[in-house]
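# Close look at the chain arrangement
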Amino acid sequence: PADGFSTTGPILAVFPRGFDTHNLVFHNEDVFRSLTKESPTLILEANSLEPVLHFAEADVLAESDERRALIIRPLVRLKNSTRYIVAIHSLLDKSLTPLQPPEGFLQLRDGLARGNEVLEPLARRYETEIFARLESFGIPRHTLQLAWDFTTSSEENQTRDMLRVRQLLIEHFKQNKPQVKITKITDNYGEKIYRRVEGIFQVPLFLDSTEPGAKLFRDELGRVTGNSVVDVPFSM
C-alpha cells in the first residue's frame, strides 16, 4: 500500500458549473506568478509555506463542464514525505463572477460545520492546519473556493518495488545464463541495412500476466516476486 500521493502527478479539482480560465497561470506566460498570492491556484509546502512553481489549465477533453477538471501541474518534483496545501481562490465562473465554493467546503470555511458528523472533525484540523497557514501566506479566508492538503509518498515506497525487481534479476542471471534463440537472419534487408536479426530471449516475469494493464506479481507478504519465465521477441 502507498504511504502518500505521487511526487509528480497532476492535482485535480472539479467545479461542476464550470469556470473561466482567463486569470489562471498558464505555461506560456509568466509562470512565476504561480508563486504569488495573485495566482488563483497555489501549492504550498505546509510547514515552510514555500510556494511551488506550477501552471493550471482546464481539461479540454471533457465532454461537459460538469466533468471538466481544473488541472494544476507542478513544474518541479514535489519532495517525498512532505505535506502540501492546495488552495484555489478568486476563480471566476463562466459569467465572470466569483465562483461559488462547494457546499461542504463552504461550511468548513464559514464555521458552519458544528454538528455535522463528517465535517466537524475536519473543521478542527482545517482551522489550524489549512486556514491559518493560508492566511499567514496572505490569502484572505473569505476568498477561498476550495482548499485541502495531502502528503507525498516516501522515497522508499516509490522505489522499493523496482529496486527489488533489479535485485531479483541480478540474482537470477548470476545463476542462469541468458537464453537467446535466433529465429531469422535477413541479409541486405534494405538499402542502408546490411542485416536484420530476429529472435527470442528469455526473461523472468514479475507481472501477473503478459497482457497490457498487468499488475506486479506479489508473494503472501506483498513483496514483488518472480512469476514465471517468458519469451520476448526482439529484432536488431
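Cut-offs and rules
- Residues numbered from 1 in each chain as written.
- Predicted model: local features only at pLDDT ≥ 70, side-chain atom pairs only at ≥ 80, totals over all residues.
- Heavy atoms only, no water.
- Phe/Tyr/Trp six-rings, centres within 6.5 Å; stacked < 30°, edge-to-face > 60°.
- Helix = DSSP H or I, 4+ residues; strand = E, 2+ residues; numbered from the N terminus.
- Buried < 20%, exposed > 50% of the residue type's maximum accessible area, 1.4 Å probe, protein only.
- Core = buried A, V, L, I, M, F, W, Y, C linked by side-chain atoms within 4.5 Å.
- Contact = heavy atoms within 4.5 Å.
- Expected span 1.5 Å × (residues − 1).
- Pairing = 2+ DSSP bridges.
- Axes fitted to C-alpha atoms, helices over the stretch in contact; angles between N-to-C directions.

Another point: the packing of aromatic side chains. Per the counting criterion, the structure on display carries eight aromatic pairs. Geometrically, the ring pair formed by Phe201 and Phe234 is tilted, given 5.9 Å between the ring centres and 45 degrees between the ring planes. Taken together, the residues span a long stretch of sequence, with Phe201 in strand β8 (residues 193-205) and Phe234 in strand β9 (residues 228-235) at a distance of 33 residues. A residue is classified by how much of its surface remains accessible, and Phe201, at 29% relative accessible area, is partly exposed. Connected via pairs of aromatic rings, a cluster forms that spans Phe5, Tyr84 and Phe150.

Counting 39 residues, the largest nonpolar core has Phe15, Phe19, Leu70, Ile88, Leu91, Leu134 and Trp148 as the members making the most contacts within it. Sorting the residues of this core by element identifies β1 (11-14), β2 (41-45), β3 (54-58), β4 (69-74), β5 (83-89), α1 (103-109), α2 (119-137) and β6 (144-151) as the ones contributing at least two each. Top contributing element to this core by residue count: α2, with seven residues. Setting aside residues up to four positions removed in sequence, Phe19 forms contacts with Leu24, Ala58, Arg68, Ala69, Leu70, Leu91, Leu92, Asp93, Lys94 and Leu99.

A rise of 1.5 Å per residue sets the reference length of helix α3 (residues 155-175), with its 21 residues, at 30 Å; its end C-alpha atoms lie 30 Å apart and thus fit the reference within 8%. Every buried residue of α3 is accounted for by Asn157, Asp161, Val165 and Leu168.

Okay, the environment of Thr143 next. Looking at the element boundaries, Thr143 is found in the loop between α2 and β6. Taking C-alpha positions, Thr143 is 9.7 Å from Leu99, a pair spaced 44 residues apart along the chain. Not counting residues up to four positions away in its chain, the partners in contact with Thr143 are Ile88, His89 and Ser90.

On to the sheet that holds β2, then. Picture the strands of a sheet paired through backbone hydrogen bonds; they go either parallel or antiparallel. Ordered by their spatial adjacency, three strands build an open sheet running β2-β5-β6, and the pairing between neighbours is antiparallel. The open sheet has two edge strands, β2 and β6, and neither has a second partner. Adjacent strand axes in the sheet meet at a mean angle of 15 degrees, parallel and antiparallel pairs treated alike. Where β5 and β6 come together, seven bridges link them in antiparallel fashion.

Such coordinate-based values are descriptive only and should not be taken to indicate function.
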